[in-house]
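# Examination of the molecular architecture
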Amino acid sequence: MKKFGILLLTLGLAMSLTACGSKAESETTTETPAVESPQATDVAESTDEAFTGEKVGEVADEKGKTVATVTFEAGQPVDVKFDYINEDGSSKYEQAAAGEYVMGENSTPWNEQVDALAAFLKENNFDVEAVTLTDEDGHTDVVTGVSIKVPALLEAVKSALNA
């Protein structure tokens, strides 16, 4: 009975946190561990405290979607990978890495810039608020080598972290 009560409280808390989501146009795909039934599940396994796997946050726009894939170990984020998937399904990350997406002469490739942003987030324990914007267009001077607009990337990370 005690386990059932704790499980019920945990589920209630999870539902209340889910209801506090952002109003931004975003969708989240979550991969969660399989659970057989609430009675047969230990309370620690039924919460995100012990989650190990990936959660994906997406922010759609008129040309495609920004994607952040956050890897968790024992409930803690440990890595993030960014991409932008175009309407045709192609990956901006793969195109930039192959030299097919060039932002401009003497510009750091897009894939290297999102990798630098990912490294900064990891170093700062995934504190998205540590990435301050320097203009209304969405640029930041906080991350060395990043000249791209970052709001959609940050929103996708928030979505994955809150999934």
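Residues numbered from 1 in each chain as written. Predicted model: local features only at pLDDT ≥ 70, side-chain atom pairs only at ≥ 80, totals over all residues. Heavy atoms only, no water.

The name an unreviewed UniProt entry gives the protein chain is FMN-binding domain-containing protein, with Candidatus Cellulosilyticum pullistercoris as the organism.

On to the overall build of the protein chain, then. Scanning the protein chain for helices and strands turns up four helices and four strands. Mapped in sequence order, the helices and strands of the protein chain form the string α-β-β-β-β-α-α-α. Counting across all 163 residues of the protein chain, residues that qualify as buried make up 32%. A sequence separation of at least 24 residues applies to 45% of the contacts in the protein chain between residues at least 6 apart. Accessible surface computed for the protein chain: about 10200 Å², of which carbon and sulfur atoms make up 51%. (Helix = DSSP H or I, 4+ residues; strand = E, 2+ residues; numbered from the N terminus. Buried < 20%, exposed > 50% of the residue type's maximum accessible area, 1.4 Å probe, protein only. Contact = heavy atoms within 4.5 Å. Areas by Shrake-Rupley, 256 points an atom, 1.4 Å probe, with all protein chains shown as cover.)

Moving on to the packing of aromatic side chains. All told, the structure shown has one aromatic pair when counted by the stated rule. Summarising the aromatic geometry, the rings of Phe51 and Phe72 are spaced 5.8 Å apart at their centres and angled 70° between planes, so their arrangement reads as edge-to-face. Within this pair, whereas Phe51 is found in the loop between β1 (26–30) and β2 (53–61), its partner Phe72 is found in strand β3 (residues 64–73), the two being separated by 21 residues in sequence. Residues Phe51 and Phe72 agree in their burial class; the two are buried. The aromatic ring of Phe51 is capped on one face by Lys55, whose charged end is 4.9 Å from the ring centroid. (Phe/Tyr/Trp six-rings, centres within 6.5 Å; stacked < 30°, edge-to-face > 60°. Lys NZ or Arg CZ within 6 Å of the ring centre and 35° of its normal.)

Below, the discussion takes up the environment of Glu136. As for its position among the elements, Glu136 is in the loop between α3 (110–123) and α4 (151–161). Residue classification places Glu136 among the exposed positions, given a relative accessible area of 80%. In this structure the C-alpha to C-alpha distance between Glu136 and Lys149, which are 13 residues apart in sequence, comes to 9.8 Å.

One non-glycine residue with positive phi stands out, namely Asn125, at about 50°. Position of Asn125 among the secondary structure elements: in the loop between α3 and α4. A positive phi is found at Phe126, a non-glycine position, where the angle reads about 60°. Tracing the backbone shows Phe126 in the loop between α3 and α4. Among the residues examined, Phe126 registers a relative accessible area of 8% and is labelled buried.

This part takes up the nonpolar core. Counting residues in hydrophobic clusters, the biggest one holds 27 residues, and the most contacted among them are Val80, Phe82, Leu117 and Val150. For this core, the elements supplying multiple residues, two or more each, are β3, β4 (76–86), α3 and α4. If one sorts the elements of this core by residue count, α3 sits on top with six residues. If near-sequence neighbours (up to four positions away) are discounted, Val150 is found in contact with Leu117, Val131, Leu133, Gly138 and Thr140. (Core = buried A, V, L, I, M, F, W, Y, C linked by side-chain atoms within 4.5 Å.)

The subject of this paragraph is the environment of Pro109. Along the chain, Pro109 turns up in the loop between α2 (92–97) and α3. Spatially, the C-alpha atoms of Pro109 and Ala96 are 6.1 Å apart, while their sequence positions differ by 13 residues.

Take the pattern of salt bridges next. Oppositely charged side chains may form a pair once their charged atoms are brought near each other. This model, assessed by the stated rule, comprises four salt bridges. Among the ionic pairs, Asp79 bridges to Lys122, the shortest N-O distance being 3.4 Å. With Asp79 in strand β4 and Lys122 in helix α3, the pair connects residues that are 43 residues apart, well separated along the chain. With its nearest N and O atoms 3.6 Å apart, the salt bridge here joins Glu129 to Lys158. Placement of the pair is Glu129 in the loop between α3 and α4 and Lys158 in helix α4, with a sequence separation of 29 residues. (Salt bridge = Lys/Arg side-chain N within 4 Å of Asp/Glu carboxyl O.)

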